[in-house]
Amino acid sequence: MTLSIILAILALTVPFIIIRVGKRRAIAPRIEHIRSVDLRAFRNLMDPEEEEYLRRKLPPAEFRRIQRERLRTAVEYIQCAASNAAVLMNLAEAARRSPDPATAQAAVKLIDNAVRLRSYALQAIPKLYLAMMFPGRRISSARVADSYELMTRQVVLLGLQYPTGEISGSL
Amino acid sequence: MLLLTQVWRIVWYARVTLSLILFLVVIIRKTYREFPLFSIHSAWFALAGAAVLAVDHSPRFDGHQYFAAVAISNGGEAVLAVAIIYQMFTQRLKQYPAVRNLGNAAYRVSTLLLVVVAVALAWFSPGLGPGQWTSIYSVIDRTVRLLQCGQLLFLFLFFRYFRLSWRSRAFGIAVGLGILSSSSLAVNAIRSQAVPGHTMTFTWYLLALASDATSIIAVAVWLTYFLAPERVPPEDTFKSGDDSHPPDSKLPEHDLETWNRELQRLL
């Protein structure tokens, strides 16, 4: 009986969740939401050699604390990159419908890469949280950085054909 | 009790009438070209609903035959709804190759998890009923509705995360299905425990009324989206060479410095 009541309550929340998520789709991320990502700093945070150096130099407890801080910062970088990718997707969706084939193609590539970056972010963030719990665990987020770099290039390319504002400078 | 029965019958007729109107709108607007599965669904929903109504009124059919008609009508509708959700998901992913593999894998995993949850529910909370068939029907219906609700939630959250755009009519179809499947699941969950089989109690009528009322809301949502013109996002109106740029973008006047900086960074 209790199980059925819980199920009924959960079922009744479904339309509200759908409408809430659907409402959010109308609020497209704007160019002002772009935040700068320092890729060099991010790569440094994820560098295994850097980690190894810290491990050798610091006492174990201190290393774990520092490593957790580093990973937390890395998560923030990834969230920032994923958020930028969402803004760029919004812009590229508009450019994709341009009658100019070159612009449309550049936009499709940008969307493709932005989606890829968000997919990598989705996979990397849980791994980073896992690594925070077990600081000795090795993880690689190189794909996020590479994808972000590629995306930045594609914004520059798209900017040659389509008004992208000063996004490329903000990335 | 008599008043409740009368109200339920009025709502039932209204639901069937609205479903038939929806079916006509789908045919007149030639929506079957764009949404073939949804067109089949609306045809089934309208015609099977009308058939159940006819079975209820005809003295030739007994209670068991009425139950069979309801089971076939709901079963067909549920299967078509699952197919629509899957089709909406795969068709949208075709436009985004980067996320296609991840999306398909995530869809399969989520479906598997939902099936496991549904089977566990069937094990721990089997449907009550006077006969074996009513219990089996109740459990199968709950399983399919749970699957539908879960898949719709997955669909919305996945599209939301990856910022995959919805076309307004597809969005309307999904919202309507969400209302229909969630209310069916809730009604089924309560009915399987509170009402033994198809005994006509006050609770039974109340649940039937709630089910038909929410079906009307779902059909009204579909009608609204299909009667309204397809919403064109502002960015769709952009034409190269026009002065009309998307609202979010500004034409850079002196962007050379930014590009220079970017190219230097890349070199």
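Cut-offs and rules
Just so you know, the residues in each chain are numbered from 1, in the order the chain's sequence is written. Working convention: letters from A go to chains and numbers from 1 go to ligands, in the order in which they are written. Totals for whole chains, interfaces and linings use every residue, but because this is a predicted model, local features are given only for residues with pLDDT of at least 70 and side-chain atom pairs only at 80 or more, for both listing and counting. In this description a helix means any DSSP run of H or I spanning at least four residues, a strand means any run of E spanning at least two, and both kinds are numbered starting from the N terminus. Counting other C-beta atoms within 10 Å of its own, a residue is labelled buried from 20 upward, exposed at 12 or fewer, and partly exposed in the gap between, with every C-beta atom placed from the backbone. Placing a C-beta atom from the backbone of each residue, one calls two residues in contact when those atoms lie within 7 Å. Helix axes use the C-alpha atoms of the stretch in contact, all axes being lines fitted to C-alpha atoms, and the angles between their N-to-C directions lie in the range 0 to 180 degrees. These descriptions rest on fixed angle ranges, namely under 35 degrees for roughly parallel, over 145 for roughly antiparallel, 65 to 115 for roughly perpendicular, and the rest for oblique. Helix crossings are classified by the rotation of the near helix relative to the far one: an anticlockwise turn of less than a right angle makes the crossing left-handed, while a clockwise turn makes it right-handed. Each residue gets one label: Ala, Val, Leu, Ile, Met, Phe, Trp, Tyr, Cys and Pro are nonpolar, Asp, Glu, Lys and Arg are charged, and the others, such as Gly, are polar. pLDDT measures the predictor's confidence residue by residue and takes values from 0 up to 100. Helix span is expected to be 1.5 Å times the residue number reduced by one. Each nonpolar core consists of buried Ala, Val, Leu, Ile, Met, Phe, Trp, Tyr and Cys residues. Their C-beta atoms, within 7 Å, join them into a set.

## Topic: the overall build of chain A
Thinking step 1. Within chain A one finds seven helices and zero strands.
Thinking step 2. Listing the helices and strands of chain A from first to last along the sequence gives α-α-α-α-α-α-α.
Thinking step 3. In chain A, which comprises 171 residues, the share counted as buried stands at 42%.
Thinking step 4. Within chain A, residue pairs in contact and separated by at least 24 positions form 73% of the contacts whose partners lie at least 6 positions apart.

## What about the overall build of chain B?
Thinking step 1. Secondary structure summary: chain B contains eight helices and zero strands in total.
Thinking step 2. In chain B, buried positions account for 37% of the 267 residues.

## Brief notes about the packing of helix H4 (residues 60-96) of chain A against helix H5 (residues 101-133) of chain A
All names here are of chain A.
Thinking step 1. Contact pair H4 / H5: the axes reach a minimum separation of 8 Å and the direction vectors enclose 160°. In terms of orientation, H4 and H5 fall into the roughly antiparallel class. Regarding H4 and H5, the two cross each other, and that crossing is left-handed.
Thinking step 2. In the contact of H4 with H5, the residues fall into 24 nonpolar, one polar and five charged.

## Let's talk about the packing of helix H2 (residues 36-57) of chain B against helix H3 (residues 63-93) of chain B
Residue and element names in this part refer to chain B.
Thinking step 1. Closest axis-to-axis distance for the H2/H3 pair is 10 Å, and the angle between their directions is 170°. By the angle between their directions, the pair H2 and H3 is classed as roughly antiparallel. For the pair formed by H2 and H3, the contact residues are Leu-37, Phe-38, Ile-40, His-41, Trp-44, Phe-45, Ala-48, Gly-49, Ala-51, Val-52, Val-55 and Asp-56 on the first element and Gln-65, Tyr-66, Ala-69, Val-70, Ser-73, Gly-76, Glu-77, Leu-80, Ala-81, Ala-83, Ile-84 and Gln-87 on the second.

## Notes on the confidence of the model for chain A
Thinking step 1. On average, residues of chain A score 78 in pLDDT, and 74% of them reach the 70 mark or higher.
Thinking step 2. Mean pLDDT across the elements of chain A ranges from a minimum in helix H7 (residues 167-170) of chain A, with 56, to a maximum in H4(A), with 85.

## A look at helix H1 (residues 2-28) of chain B
All names here are of chain B.
Thinking step 1. Taking 1.5 Å per residue as the helical rise, H1 with its 27 residues ought to reach 39 Å, and the 39 Å between its terminal C-alpha atoms agrees with that figure.
Thinking step 2. Residues of H1 that are buried include every one of Trp-8, Trp-12, Arg-15, Val-16, Leu-18, Ser-19, Leu-22, Phe-23 and Val-26, and no others.
Thinking step 3. Residues of H1 that are buried make contact with H2 and helix H7 (202-227).
Thinking step 4. One or two positions beyond H1, positive phi appears at Lys-30, with a value near 55°.

## Quick notes on the nonpolar core
Thinking step 1. Of all hydrophobic cores here, the largest spans 87 residues; its most connected members are A:Ala74, A:Ala92, A:Ala114, B:Leu152, B:Leu155 and B:Ala174.
Thinking step 2. Considering each element in turn, this core owes the most residues, 15 residues, to H4(A).

## Some thoughts on unusual backbone geometry
The general pattern is negative phi for most residues beyond glycine and trans for most peptide bonds.
All names here are of chain B.
Thinking step 1. The backbone phi angle of Lys-30 is positive, close to 55°, even though this residue is not glycine.
Thinking step 2. Tracing the backbone shows Lys-30 in the loop between H1 and H2.
Thinking step 3. Unusually for a residue other than glycine, Arg-163 sits at a positive phi of about 55°.
Thinking step 4. One can find Arg-163 in the loop between helix H5 (132-161) and helix H6 (168-194).
Thinking step 5. C-beta crowding within 10 Å serves as the criterion here: with 21 such atoms nearby, Arg-163 is assigned to the buried category.

## Here we look at the environment of B:Phe159
Residue and element names in this part refer to chain B.
Thinking step 1. Structurally, Phe-159 is set in helix H5.
Thinking step 2. Phe-159 sits in the buried class, given 24 other C-beta atoms within 10 Å.
Thinking step 3. Setting aside anything within four residues of it in sequence, one finds Phe-159 in contact with Leu-164 and Trp-166.

## Some words on the confidence of the model for chain B
Residue and element names in this part refer to chain B.
Thinking step 1. The predicted model of chain B averages 82 in pLDDT, with 82% of residues at 70 or higher.
Thinking step 2. Mean pLDDT values over the elements of chain B span from 53, in helix H8 (residues 256-266), up to 93, in H2.
Thinking step 3. A low-confidence stretch, residues 234-256 (pLDDT under 50), is modelled with 41 contacts involving residues beyond four sequence positions or located in other chains.
Thinking step 4. In the predicted complex, the global pTM is 0.77; the interface-specific ipTM is 0.73.

## Quick look at the environment of B:Ser73
Residue and element names in this part refer to chain B.
Thinking step 1. On the secondary structure map, Ser-73 appears in helix H3.
Thinking step 2. Judged by local crowding, Ser-73 falls into the partly exposed class, with 19 C-beta atoms found within 10 Å.
Thinking step 3. Along the backbone, Ser-73 and Ala-48 are 25 residues apart, and their C-alpha atoms lie at a distance of 5.4 Å.
Thinking step 4. Those residues in contact with Ser-73 that sit more than four places away from it in its chain are Ala-48, Gly-49, Ala-51 and Val-52.

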